[in-house]
Every structure is written in C-alpha cells, then in structure tokens.
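# Understanding the architecture of this molecule
One letter stands for each residue in the lines below.
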Amino acid sequence: MKAQPSPESHIVNSGSEDSAARLHSDADPHGRLFTLGLTLAGIAGLLLLWWIGGELIARNPATASFSDFAPLPALKRLAAMFASSEVIHMTGPSLLRIAAGLLWAIVIGVPAGILIGRSRIARELTNVPFQFLRMISPLAWMPVAVLAFATWDRAIIFLVGVAAVWPILFSTAAGVRRIDPAWLKVARNLGANPRQLLTSVIFPAISQDILTGIRLALGVAWIVLVPAEYLGVKSGLGYAINDARDTLEYDRLAATVLVIGMIGFTLDLALQKLIQRLSWLRHD
Amino acid sequence: MTNTSASVEGKFPGWHAPVTGHVRGAEIRVTGLTHRYRHAKENALQDINLRIASGEAAAIIGRSGCGKSTLLHIIAGLVKPSVGEVTINGLVIRHPSPRWVMMFQQPSLFPWASVADNVALGLRFNGRQSEAKSRVAELLDLVELGSYASRNVQDLSGGQQQRVALARSLALSPEALLLDEPFSALDTFTRSTMQRDVRRIARELGITLVLVTHDINEAALMSDRAFIMAAHPGRIRNEVTVRSADTLTGAPGFEQAQRALIEAYEGAAGRSISSPSTDWTI
C-alpha cells in the first residue's frame, strides 16, 4: 500500500493545478498573437537590414551601380516576373531536377537504410565508407558528374541525388533501429511473412523517419541545386542567377534570390505539415 | 491436426452457451527438451517432459531465471530448442503459428493503427481481411471494448490495451493461448478482472491455456494444473493439481490450491515454509 497523501496536500495540489490551467487557457490566445507578432517583426527586421544595405550600396559611389539590389527595385521586378510568368519558367526545370534527384535518393536511400538498420553486418561494413563519403561536398563531384553523364541535366540530378541520399539513408536506418522488437515478434506470431513484416510493421513504424530524412534531404538538395545549375544548362534558378549577373540586371538577381528562398521555405513547410499529419506518435 | 480448419473458420461456436462439451483446444506435448542459449555456460532448460491436455489450463511457475519464459517461447515456435521437440496435436512445432498465439507482458499494439485494425492484424496476415468487419466487432464485444473500434490505441489504459491484445490473439480462433506474464504490468484490480475473463473465455471456447507466471495467486486462479520449475538448470521440479472449480479468491478450494502451490514453489527453491500463515495475497 502506498501512503495516502494527506487531505491538505491534496487541496494544495488541486489548487495549484487549477490556477495553472487557468493561466494556460488565458495565456494561449495571447501567446499565439505574440508568436505572430514576433514572426512579423522578424520579417520586418530582415527587410530593414536589406533596405539599409541597399541604401549603403547606393550612397557609396564605388558600389552605386549595384543599387538595384535594394528591396524596392527587387520587389518591383519580382512582381513583373510573376506577372510575366517568368517565375514559373525558371522554377519549373529546377523543381523537376529536385524531384528527380530526390526520387533517386529515396529509391536508393530507403532500402539501403532499412538494410543497414536491420543487419549488423551491413551496418558495420558500410559505416566508415558511408561516413567518409557523406562528408564530401556533393559539389566536389561536379567534374566527375560532368564526365560520367551524357547530359548536363543528368549531371545535375546526380549531384542533387548525392546530396539527398545521406539524410534519407541515415534517418531510415535510425528509424529501423528504434522499432520495438516486440512488434515484430507479435506480427511473426500472428503469421506475418517477411513481406508483411516490411509493409505492415517496418514501413508504418519508420514512415516519419523517412519523411524527416526527406525533409532534411530537400534542404540540402535545394542548396546544392543552385550552384549545380551553374553547369551548362540554360534553364533553372541557378542559370537565372548567373544570367542576371552577366546581364547586370541586379534587380532580377535579387528577385531570383527571393524566389529561391520562398520556394525552399514553402517546400520545407509543406513537408513539415505532412510529417505532422502522418505522425502516429503522441507527444503528450 | 484434426479440428483446425473447420474450427478456425467458425465463429466462436458455443460462445454464448455455458461450458459446452465442445473440445477443440490443442494438446501440447514437450518431449526430452533441453535448451542452451548461444554462448551460455549452462542449459537454460534441462530435460523437460510434459503433456497438457486439450482444453486444459496449465500454469508454469517459478522464480525469475528458471527458464519458464524460454519454455513458452519454444512451445510457441519462436525459439528453436537445442534438443527435443514440442508437438501440438501431434504436429512438431518448428515455426510460430497463429494456431497457438502468445500474449506478452506488454500488449505491443501498433500505435499507428486503430483498435479495430490492431485486432484484425492476424486476419490480414492470413489473407482473411474480408472477415475482419464482423469478426472484429464480435471480438471487441467479447473483451468488452465494443465501442472502441475506431479509437487510437494510445488513448487506451493499460488494461484496455491488454484486452485489445487478447482480442487480437483470439481473432484467428487459436487452439492454444500462451500467456507470458501477461497481466503483471496491470494494476491489481484490472489484473484480477483480466485473469477471470481470460480463464472464462478460454474455457468457454475450449482453448488450451498455458500461463507462465511468478504469481502464485494467478496460477491458483487460472489453472487446472501447475508445473513448478527450478532454476540452474531450468527443470520441472513438481506438478500440482489446482482445479479450482470456481476461481474466487475467497473460495475454500482456492486457499487449498494456494497452499499446495506455495509449498511446491518453496520446495523448488530449496526451502520449506515454517509458517504457513505467510501472507501471499499480495
């Protein structure tokens, strides 16, 4: 028998819980407003820094020719680029390359991750080589990619894939290692065959780890994409940046930078929401 | 092997009726079984022989480390024995099978699936998804969770989760239910309800029950017969007939069974009880 709490302590407890609950419910709407306020303030701060930078560049005679970097010309140009659907034309090819690179990374990374998570031999065999390869910047493969692939497009997809495969692979492997062995025992006991173990236990159990890996991979791939598109191709965001620099259209350059940031941010947010929706884990 | 397919497909014949003469439980024989884990210095189990009759409720009791759980895993086909064999209805056990289902201390439900999907798991694995709808409703009623079908299992209490695990185990109409300390994580009140319900359900369905426990009361409440194991190496030291016609803690039969079990238990541990009035009622 456990000692019963004294009546006094019980009252004190419930009292403090009540007041805590009241505080919480009162604070919640304010908390949300507060968060929104801070978010907007952060965005405003970034714009302010950009504006100050633009002013400094414009006032310095040595840099005055770059003054189109400033927010006002850039945002004007961005609006024009949206209106002329130039934005769609330059992002379409980039998104296709990202999709193809990510697809390859998933096709290779997920099965390899499952194997490494399940098999000690595979894990120990690949540990050093994979950790070694992982630390090489995907851009370092650029010359190799150019030699190995017939088209510029394929070389870029390869570089995106090389960047994206590691987060997916390691996140999948970590998820597999966290699978409760009892789930597999229960499933085997109920007559699951190896394929059913994979589809009914392993995949649902690691779905979030795979998605988290894809989210991380997308971040890296998006960063690698722009420099990779400096290669040969005549389309995409990286090409647009280079092109704007060559034609000295600094407002277009700044607007393209904005597009890159916005799309990357949106894709990441979408994946984050997807992960939240598919999550089966209760965090409370 | 005789009554499998027919009974597996049937829907709990005789469930609403009281105990019927209907017998379909597995007959389990363990012959000359010795087991040693890889890299272990001594046998985990040494020359085990036992026979559990069809529809019987047998308890395997003993202190931690006596190998009782290993024995159950071998009976379930989840562990291969070093020497000897287990047969169920004359069939040598080599693999786990939904015909003899094991229940563990942790319910280990799939947190990404609803209560109903968890119960239907075995049906799905065996290509009988089409039966799931009616069968799951029936099973959830049986374990008194009829209104929980679409709930997330993570919202259920420990006792409710263990009931879902029980329904999941019963979905394929097993001939034997192998219980590995299934209620030890539950609170006392929930535990005794579950003990009584599992015993009742097994008896009414004719399922053979094998219960591994270190809880004397649980053995006295749930079993017809108890095997008492001793450790180093794990072996069967004694066998006690319990047969508590009515498994009520207060009944005279219960106390008698309890006394006999305690004596055998202490005997297996190499001790004798000086004071029989020791309070064992946890």
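Refer to the structure printed above.
Worth saying up front: this structure is predicted, and the values here are computed from it rather than measured.

### Focus: the sheet that holds strand β6 (residues 100–103) of chain B
Residue and element names in this part refer to chain B. The strand order across the open sheet formed by six strands is β6-β7-β8-β3-β9-β10, and the pairing between neighbours is mixed. Two strands bound the open sheet, and with one partner strand each, they are β6 and β10 (235–241). Neighbouring strand axes in the sheet, compared pairwise and without regard to direction, differ in orientation by 20° on average. In terms of strand pairing, strand β3 (residues 57–61) meets strand β9 (residues 225–230) through four bridges, oriented parallel. The residue of β9 that forms the bridge with I61 is I228. Where helix α6 (residues 158–170) meets the sheet, its contacts fall on β6 and β7 (176–180), and the angle it forms with β6 comes to roughly 170°.

### What about the interface of chain B and chain A?
Listed per partner, the contact involves 24 residues of chain B and 19 residues of chain A. Counting across the chain B and chain A interface gives zero salt bridges. Our enumeration of links across chain B and chain A arrives at seven residue pairs in polar contact (both at pLDDT 80 or more). Looking at the side of chain B that touches chain A, the elements that each hand over two or more residues are β6 and α4 (121–125) of chain B. Ranked by the residues each element gives to the side of chain B that touches chain A, the list is headed by α4 of chain B, at four residues. A breakdown of the residues in the side of chain B that touches chain A according to their chemical character gives 14 nonpolar, seven polar and three charged.

### Points about the environment of G261 of chain A
As for its position among the elements, G261 of chain A is in helix α10 (residues 250–278). Between the C-alpha atoms of G261 of chain A and W222 of chain A, which are 39 residues apart in sequence, the distance is 9.6 Å.

### Regarding a nonpolar patch on the surface
Residues and elements named next belong to chain A. The grouping of L33, L36, L40, I43, L47 and L75 at the surface amounts to a nonpolar patch, some 570 Å² of accessible area in total. With five residues, helix α1 (residues 7–59) is the largest single contributor of residues to the nonpolar patch. Relative to the elements of secondary structure, L33 occurs in helix α1.

### Comments concerning the pairing of strand β1 (residues 28–35) of chain B
Residues and elements named next belong to chain B. Both β1 and strand β2 (residues 45–52) contribute to a ladder of five bridges, which runs antiparallel. In the strand pairing of β2, H35 is matched with L45. Examined bridge by bridge, β1 and strand β4 (residues 83–88) share five bridges and lie antiparallel to one another. When the bridges of β4 are listed, V30 appears paired with V86.

### Overview of the environment of I75 of chain B
All names here are of chain B. Residue position: I75 is located in helix α2 (residues 68–76). Along the backbone, I75 and Q105 are 30 residues apart, and their C-alpha atoms lie at a distance of 17 Å. Among all residues touching I75, those that are not within four sequence positions of it are I28, V30, V86, I88, I93, W100 and L178.

### Points about the packing of helix α3 (residues 86–118) of chain A against helix α8 (residues 194–228) of chain A
All names here are of chain A. Viewed as axis vectors pointing N to C, α3 and α8 meet at an angle of 135°, and their least axial separation amounts to 9 Å. With respect to each other, α3 and α8 are oriented oblique. Both α3 and α8 take part in a crossing whose hand is right-handed. Between α3, through S94, L95, R97, I98, L102, I106, V110, I114 and R118, and α8, the contact on the second element is made entirely by L198, I202, F203, I206, I210, I214, A217, L218, A221, W222 and L225. Class assignment of the residues belonging to the contact of α3 with α8 gives a composition of 17 nonpolar, one polar and two charged.

### Quick look at the packing of helix α9 (residues 237–246) of chain A against α10 of chain A
Residue and element names in this part refer to chain A. Between α9 and α10, whose axes approach to 8 Å, the crossing angle comes to 165°. One finds that α9 runs roughly antiparallel with respect to α10. The element α9 and its partner α10 pack so that their crossing is left-handed. Contacts from L237, A240, I241, D243, A244 and R245 in α9 reach R252, L253, T256, V257, V259 and I260 in α10. Residue classes in the contact of α9 with α10 are distributed as eight nonpolar, one polar and three charged.

Procedures and definitions
- Residues numbered from 1 in each chain as written.
- Chains lettered and ligands numbered in written order.
- Predicted model: local features only at pLDDT ≥ 70, side-chain atom pairs only at ≥ 80, totals over all residues.
- Heavy atoms only, no water.
- Pairing = 2+ DSSP bridges.
- Helix = DSSP H or I, 4+ residues; strand = E, 2+ residues; numbered from the N terminus.
- Axes fitted to C-alpha atoms, helices over the stretch in contact; angles between N-to-C directions.
- Contact = heavy atoms within 4.5 Å.
- Salt bridge = Lys/Arg side-chain N within 4 Å of Asp/Glu carboxyl O.
- Polar contact = N/O pair within 3.5 Å; in protein donor to acceptor, adjacent residues only side chain to side chain.
- Nonpolar A, V, L, I, M, F, W, Y, C, P; charged D, E, K, R; others polar.
- Patch = residues over 30% accessible without salt bridge, like charges linked within 9 Å, V, L, I, M, F, W, Y side chains within 5 Å.
- Areas by Shrake-Rupley, 256 points an atom, 1.4 Å probe, with all protein chains shown as cover.
- Parallel < 35°, antiparallel > 145°, perpendicular 65-115°, else oblique.
- Left-handed = near helix turned anticlockwise from the far one by under 90°.

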